[in-house]
Every structure is written in C-alpha cells, then in structure tokens.
Amino acid sequence: MSKRVLLIGGNFSPEPTGIGKYNGEMISWLADNGYDCTVITTYPYYPQWKVQPPYDRARNWFKKEVDGNITIYRCPQYVPANPSGKKRMLQDMSFAASTFFKIMQLAFDRKFDIVITVAPPFHLGLLATLYKKLRGARFVYHVQDLQIEAARDLAMIRSKRLINMLLRVERLILRNADHVSSIADGMIRKIGDKTGREVLLFPNWVDISKFHPLTDKAALKEAFGFAATDKIILYSGAIGEKQGLESLLHAAAAWKHQPGIRFLICGSGPYKARLEQMAEQLQLENTTFLPLQPASQFNQFLNMADVHLVIQKSHASDLVMPSKLTTILAVGGIALITANPGTGLHELVSRHNMGILVDADNQEALQTGIARAISQNTADIARNARNYAATHLSISAVMTRFKEQVA
C-alpha cells in the first residue's frame, strides 16, 4: 500500500514562481514515485496578488480537484491587492481559519502517514501539529523563508511584543516537528540556533533539461526585440519590498546616456507600479518593464541576458534564498548577487565561483559589479554555474535525498 502524504501550503501549482512552483513540483514528483498525495492550499494568486482565472470565479468557496493520485482542496482566503505587514497577517489568518475546517474534516476521514507544511506562512505548522496529535502522522516542517525575522528586519511588523509572541509559536511548532528542513546553509544555521536540533538541507531545485545554456545569444536578443549588440541586464522575478529594486533604477540612470546597455525588469508584484513611476520620473529610456514570460519561451528569455540581477536588501540575505537563482545557474547565466560576507548566500556563491558578489544596500558596489559583468570574461563563472546546477540542483537528486531522509 502506498504511503499517504498531506501537504498544507498557502501556495501551490499552477503558480509559476516561488513557493507555489516548488510545492507543485514536489507533489508531482512524489505522486509519480508511488505516493498517494493530498494538498490543502488556496487559489493561485502569486505573484500578481490577485486570484487568477479561471479560479477567480470560485475564490470565495471550497473546491476539490482530483488529478490521478493527487487530490487538491482549495480553501478561500483574503488576498490583499497591495500587501502590507498587517494585510499579510490578515491573509495568513484567513487561510489558517478556512484550512482548519478542512483539516478537521480530513482528520476523521483519512489517515495520512506524513504531513508536510511549508513556511511561509509559518503558523500552518500548528495545523500539522494538531493533525499529528490526532492521527499520529510524522510531521515535516520545511522552511523556505524565515518569515518572522524577515517581517521584523524589514519593519513590516514593528511591535516587539508581537514578534516575540510569534517566535514562541514558532518554537512550539519546531519542537513538535519530526523533521525540520530548509533550503540553504545560512538558514539552517539560524534555525539550528533556535532549536538545538538537526536541520536537514532540502534545497530548491531546477529542471536542468528544461533550463539549459543556448549558444546564439545575438539571435535571441533580436528575437526579443533588442539589437544583437545590446548588453542586457535582466531582473526577472517577484517585484516586492525585500528586493530593493530602486537600486536597479539608479544603476540604470548611471548608464542612461550610453547606448547599447539595456535594463529589463520582468515580473509582477505590488511594487511594480511604483517602480514604473520612478523610471518615468528618472526618464529611463534604457529601461523596459515586461510581464512574466510564458513557460514555453522562458529558457530562451533567460539565455538572452548578459547579466542576471539577484537583488536583496541586506537584512534579507540570510533569511531567504532567492528561488530565481536556481534557473539562472541552470542556464549558465552570470548572476550579479547582492549578499554580504558572512551570509549563507555569499558563502555558497563564493565557494563555487558561480556568480559575481557585491555588498547589499551599496549603490556604488552594484554599479561597479554591473560594469565588471558586462566588460570582463566571465566564461568560467557561467561554466561553474551550470555545473553546480547539474550536480546539486536537479529535482531527481534533491527529491531522492528528501525521500530517503524523511519520506
């Protein structure tokens, strides 16, 4: 009899980026490898911060979907169009409330062998703890972002009393989990310091057959409407507060009078309109904004770029591991990464020489790094990036290790 797995997560397929993408691919892999999988989630809304068609018609109701040996229960939640710290807390609370009813229904209907929650939102671990107490399942708590510390350090939550209360709730969850995992060494160290227990490495992966290097960069640039000789500096991903993308626009302003250097911002998020307004004020004719690109041409799109920007504020550089980095590495892209020495991200990239590192929150360092990336021979970095992805980040390798450790 196949093992039954329950995933409780606020993001899931068909969301194209971030945690939803990884949750969907994880469950698909488990289902393809003999597991009977059930998912409690909500309707796809990220990174647009708006429930997407055709799900928007049912967004206020519960819905069940069955796809082979994957059963998906979608629960309603509040989705803020312009998320702030308070609004995101309301969102998380609304999802937890609707999910609680579904958990209680399933607790007396089906026995799951393993229950997995993925943070954020961190407090879903309370629901997994409840199910574990009721039915005896093994509880796996996987941390994609250190949500509480990020909210504190980015001043999204300013109340020390509230932060301390949330940390106490998190400690309760961590004590009750049978396995705790995270995506990067720096985050593992921080979680280990909280718990004094082993934390497993469960990194984000990439489809190395779908994302791979292409050779004719000039033809790709022309296909996307640029000149073959243009230097393309690309940011592709979520456009939110923790990225600090204002620095990218200031860098574009420094090159605004140099023809042939193009800045491209691709993605969706609550801060996109603000950045577009700022670019207009700075008269940045060298800067283009695009929506998320279709999956069918995303490999070509990434291969077109000469430089891939992975920009984060300094407070976030050891609290989150940017998911966009895995695909950049897979295509052999030249990643320019803002991460300070001593952080896990800086240590990883430096150890394998697979990107260009600059200090976070340092405008001059960012512009110097861009100049280096477009002027120097970076073939060794590109080769190291692809080799690292192929060796360490294929989904089959990552999920096989996860299965052997916890499933």
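The preceding data block contains the structure.
Below is a summary of the structure that appears in this document. (Residues numbered from 1 in each chain as written. Predicted model: local features only at pLDDT ≥ 70, side-chain atom pairs only at ≥ 80, totals over all residues. Heavy atoms only, no water.)

**Focus: the packing of aromatic side chains**
- Scanning all chains against the criterion turns up 14 aromatic pairs.
- Taken together, a centroid distance of 5.3 Å and an interplanar angle of 85° make the contact between Tyr-22 and Trp-205 edge-to-face. With Tyr-22 in helix α1 (residues 18–32) and Trp-205 in the loop between β8 (200–201) and α7 (217–223), this pair connects stretches of sequence that are 183 residues apart. Each of the two residues, Tyr-22 as well as Trp-205, counts as buried.
- Judged by centre distance (6.4 Å) and plane angle (80°), the ring pair of Tyr-45 and Tyr-46 falls under edge-to-face.
- Through successive ring pairs, a cluster of aromatic residues spans Tyr-22, Phe-202, Trp-205 and Phe-402. (Phe/Tyr/Trp six-rings, centres within 6.5 Å; stacked < 30°, edge-to-face > 60°. Helix = DSSP H or I, 4+ residues; strand = E, 2+ residues; numbered from the N terminus. Buried < 20%, exposed > 50% of the residue type's maximum accessible area, 1.4 Å probe, protein only.)

**With respect to the layout of surface pockets**
- Its boundaries defined by the atoms lining it, the second largest pocket holds a volume of some 370 Å³.
- Lining the second largest pocket are 20 residues, with Ile-183, Pro-203, Leu-348, Tyr-388 and Leu-393 positioned closest to its centre.
- Residue assignment for the lining of the second largest pocket shows that the elements contributing at least two residues are α11 (324–330), α12 (344–352), α14 (379–392) and α15 (395–406).
- At four residues, α12 tops the list of elements feeding residues into the lining of the second largest pocket.
- Here the lining of the second largest pocket is composed, by residue class, of eleven nonpolar, six polar and three charged. (1 Å grid on protein atoms, 1.4 Å probe; cavity = no way out; pocket = protein on both sides within 12 Å on 5 of 7 lines; lining within 4 Å. Points joined across faces, edges and corners; volume = space filled by probe spheres on them. Nonpolar A, V, L, I, M, F, W, Y, C, P; charged D, E, K, R; others polar.)

**Comments concerning the pattern of salt bridges**
- In the structure shown here, the tally under the stated rule is eleven salt bridges.
- Across the salt bridge formed by Lys-132 and Asp-178, the nearest N and O atoms sit 3.3 Å from each other. Here the residue Lys-132 occupies a position in helix α3 (residues 124–135), and Asp-178 occupies one in the loop between α5 (160–176) and β7 (179–182), the gap between them amounting to 46 residues.
- Lys-132 gets classed as partly exposed once you look at its relative accessible area, which sits at 21%. (Salt bridge = Lys/Arg side-chain N within 4 Å of Asp/Glu carboxyl O.)

**Section: the sheet that holds strand β14 (residues 356–358)**
- If you walk across this open sheet you meet the six strands as β11-β10-β9-β12-β13-β14, and the pairing is parallel. Each end of this open sheet is capped by a strand with a single partner; those strands are β11 (287–290) and β14. For this sheet, the mean inter-axis angle between neighbouring strands, taken without regard to orientation, is 25°.
- Pairing between strand β12 (residues 307–310) and strand β13 (residues 335–338): three bridges, direction parallel. Its bridge partner lying in β13, Leu-309 is registered against Leu-336.
- Strands β9 (231–236), β10 (261–266), β12, β13 and β14 of the sheet are contacted by helix α13 (residues 363–375), whose axis makes an angle of about 165° with β14. (Pairing = 2+ DSSP bridges. Axes fitted to C-alpha atoms, helices over the stretch in contact; angles between N-to-C directions. Contact = heavy atoms within 4.5 Å.)

**Quick word on the side chain of Asp-306**
- Within the fold, Asp-306 resides in the loop between α10 (298–304) and β12.
- At 2.7 Å, the side chain of Asp-306 forms a polar contact with the side chain of Lys-221.
- Only 2.8 Å separates the side chain of Asp-306 from the backbone nitrogen of Ile-232, close enough to count as a polar contact.
- Here Asp-306 is in contact with Lys-217, Lys-221, Asp-230, Lys-231, Ile-232 and Ile-334, once residues within four sequence places are set aside. (Polar contact = N/O pair within 3.5 Å; in protein donor to acceptor, adjacent residues only side chain to side chain.)

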